[in-house]
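Now for the letters of each chain:
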Amino acid sequence: ITVNPLSTTSYTVTGTDGNGCVNTATTAVTVNALPTVTASASLSTVCAGSNTVLTGGGATTYVWDNGATNGVSTTPSGTTTYEVTGTDDNNCVNTATTVVTVNALPTVTASASVAAVCAGSNTVLTGGGATTYVWDNGATNGVSTTPSGTTTYEVTGTDDNNCVNTATT
């Protein structure tokens, strides 16, 4: 017979042979609890191209979906729900999930109020598409600058999600 006990249970069978002799035997079926598997990400929200480390807990071995490996850095291509299957020492299995949200990088723009100036003249550099801007070559966003010669300026823009991208002018 097939049994599906919900807890550890003893079963007794009584057998009778061809002579009418009767005897019994008992066996116990141990029911092990499922492991309480957990799934976590070192960073549950990342910027596109950034990585996070997925970690399973509550079991002995872990197998992740979506090509991830337990305790190893992974770079999601977009917002992803990761599922981990954990197996304990009794070969009992359970699963858990974690979501990693991926924010897009800002589309940063760079412009100069005047693209070609005479020596000693100035231009105003302006970044767009983000929240804050840091320029190289000593320039400040929205403030007049006087280039010493033909110069390519690069701006690094950071958005509200702390995602970063660059542009040049």
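Refer to the preceding data block for the structure.
These remarks concern the structure in this document. Values in this document were obtained by computation on a predicted structure and should not be read as measured data.

**Comments concerning the sheet that holds strand S10 (residues 109-112)**
Okay, step 1: Overall, antiparallel pairing links the three strands, which are arranged S10-S11-S13 in an open sheet. At either end of the open sheet lies a strand with only one pairing partner, and these are S10 and strand S13 (144-145).
Okay, step 2: One ladder, built from two bridges, connects strand S11 (residues 123-128) with S13; its direction is antiparallel. Paired with Thr123 across the bridge in S13 is Thr145.

**Comments concerning the environment of Leu43**
Okay, step 1: By the element assignment, Leu43 lies in the loop between strand S3 (38-41) and strand S4 (45-47).
Okay, step 2: Take Leu43: its relative accessible area is 44%, and that puts it in the partly exposed class.
Okay, step 3: Ignoring anything within four residues of it in the chain, the contact list for Leu43 reads Asn51, Thr52 and Val100.

**Notes on the state of the cysteines**
Okay, step 1: Scanning the entire structure with this criterion turns up one disulfide.
Okay, step 2: Paired through a disulfide, Cys47 and Cys163 show a sulfur-sulfur distance of 2.1 Å. Of note, the bridge from Cys47 to Cys163 carries an S-S torsion of about -95° and is left-handed in sense. Of this pair, Cys47 sits in strand S4 while Cys163 sits in the loop between strand S14 (154-158) and strand S15 (164-168), and the two are 116 residues apart along the sequence. Assigned by exposure class, Cys47 and Cys163 land together as buried.

Here is what the cut-offs are and how they apply
- Residues numbered from 1 in each chain as written.
- Predicted model: local features only at pLDDT ≥ 70, side-chain atom pairs only at ≥ 80, totals over all residues.
- Heavy atoms only, no water.
- Pairing = 2+ DSSP bridges.
- Helix = DSSP H or I, 4+ residues; strand = E, 2+ residues; numbered from the N terminus.
- Buried < 20%, exposed > 50% of the residue type's maximum accessible area, 1.4 Å probe, protein only.
- Contact = heavy atoms within 4.5 Å.
- Disulfide = S-S within 2.5 Å.

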